[in-house]
Amino acid sequence: EPGEVSTEDWSKKNRAYLPDGLTVFPPKDGPLSRALQGESCSGVEMLIYDREGRPRSFSVSARPLLEDGAVIGGVAVFHDVTEQQAAAKALHESEQRFRVLSDASFEGVAITQTGIVVDVNANFARFLGQEPDALIGRVGLDLYAPEDRVYVNRAGDSPDNVYEAQMVRTDGTRFSVEVRGRESTFRGESVRLAV
């Protein structure tokens, strides 16, 4: 029909792919194609190679344009999320490196924020007879013997302080630890790192 636009070659012509960067984006599933069928969609992920051949990631939203209840067109907004995805990937890789180094350590490592455990390595959890996930969200002082908690709280206030205390396993047995604490930044927040 006059004025009709074919979408058959749109993906190839515009070098549009699924997020894997290898599979040509199915034109019938494209946001604008969907809008022209009367469907609204948000957050459709698409990878498009620019003129220099660099991949750019997009999150696309589209809406049909209606007149008297009939679809007369569509509008799509392409939001370039390439830098956001690169930053998220870099952060994920950094956290993975931290996890590998932390778990390879012979020491137990715990990170607390305002006294609440936000992360631990496998050794720390193993020392306490727990899984790492079971410790996250716990009050750090509660992991120490009750009679040591006031001392640990005061000792932990000093930067780069080293102190000894008793910790309590889930089965109630106690063990001695030497703790080295340091203020640090984790996920953009001020935290206390204890080894």
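Criteria and cut-off values
Residues numbered from 1 in each chain as written. Predicted model: local features only at pLDDT ≥ 70, side-chain atom pairs only at ≥ 80, totals over all residues. Heavy atoms only, no water. Helix = DSSP H or I, 4+ residues; strand = E, 2+ residues; numbered from the N terminus. Rg over C-alpha atoms; globule rule 2.2 N^0.38 Å. Buried < 20%, exposed > 50% of the residue type's maximum accessible area, 1.4 Å probe, protein only. Areas by Shrake-Rupley, 256 points an atom, 1.4 Å probe, with all protein chains shown as cover. Lys, Arg positive; Asp, Glu negative; His and termini not counted. Charge placed at Lys NZ, Arg CZ, Asp CG, Glu CD. Core = buried A, V, L, I, M, F, W, Y, C linked by side-chain atoms within 4.5 Å. Contact = heavy atoms within 4.5 Å. Pairing = 2+ DSSP bridges. Salt bridge = Lys/Arg side-chain N within 4 Å of Asp/Glu carboxyl O.

Some points on the overall build of the chain
Helix and strand counts for the chain stand at six helices and nine strands. The C-alpha atoms of the chain give 27 Å as radius of gyration, which overshoots the globular expectation for 195 residues (16 Å, by more than 25%). Along the first, second and third principal axes, the C-alpha set of the chain runs to 85 × 40 × 30 Å. Counting the 195 residues in the chain, one finds 30% classified as buried. Counting only carbon and sulfur atoms, one obtains 53% of the accessible surface of the chain, whose full area is about 12,700 Å². Counting 22 positive and 31 negative side-chain charges, the chain places the averaged centre of each group 4 Å from the other.

A look at the nonpolar core
Counting residues in hydrophobic clusters, the biggest one holds 18 residues, and the most contacted among them are V120, F124, L128, L135, L143, Y144 and M167. Looking at this core, the elements that each hand over two or more residues are strand 6 (116-120), helix 4 (122-127), helix 6 (149-155), strand 7 (162-168) and strand 8 (174-186). When sequence neighbours within four positions are dropped, the list of residues in contact with L128 reads L135, L143, M167, V168, R169, T170 and F175. In this structure, A35, I48, F58 and A62 belong to the second largest nonpolar core, which totals ten residues.

Here's the deal with the sheet that holds strand 4 (residues 70-80)
Backbone-to-backbone hydrogen bonds pair the strands of a sheet. The strands run either parallel or antiparallel. On the basis of which strands lie adjacent, the open sheet formed by four strands has the order 1-2-3-4 and antiparallel pairing. Since the sheet does not close on itself, it has two edges, and those belong to strand 1 (16-17) and strand 4, each with one partner. Of the strand pairs in this sheet, strand 1 and strand 2 (residues 41-49) are connected by two bridges, and their pairing is antiparallel. Each residue of the ladder has a partner; that of Y17, found in strand 2, is L47.

Side note on the pattern of salt bridges
Enumeration over the complete set of coordinates arrives at eight salt bridges. The partner of D50 in a salt bridge is R54, with the nearest N and O atoms 3.0 Å apart. On the basis of relative accessible area, D50 is assigned to the buried category, the value being 18%. A relative accessible area of 47% places R54 in the partly exposed class. As a salt-bridge pair, R174 and E147 come within 2.3 Å of each other at their nearest N and O atoms. Of the two residues, R174 is situated in strand 8 and E147 in the loop between helix 5 (132-135) and helix 6; the sequence distance between them amounts to 27 residues. Here R174 falls in the partly exposed class, since its relative accessible area comes to 40%. For E147, a relative accessible area of 53% gives the class exposed. Beyond isolated ion pairs, a larger network of salt bridges with shared partners links D50, E52 and R54.

A few points about the pairing of strand 3 (residues 55-67)
As defined by bridge partners, strand 2 adjoins strand 3 across seven bridges and the pair is classed as antiparallel. Counted as the bridge partner of C41 is A62 from strand 3. Between strand 2 and strand 3, which pair antiparallel and follow one another directly, the connecting turn spans five residues, one of which, G53, has a positive phi of 85°. For strand 3 and strand 4, the ladder comprises ten bridges, and the chain directions are antiparallel. Bridge assignment links F58 to a residue of strand 4, and that residue is D80.

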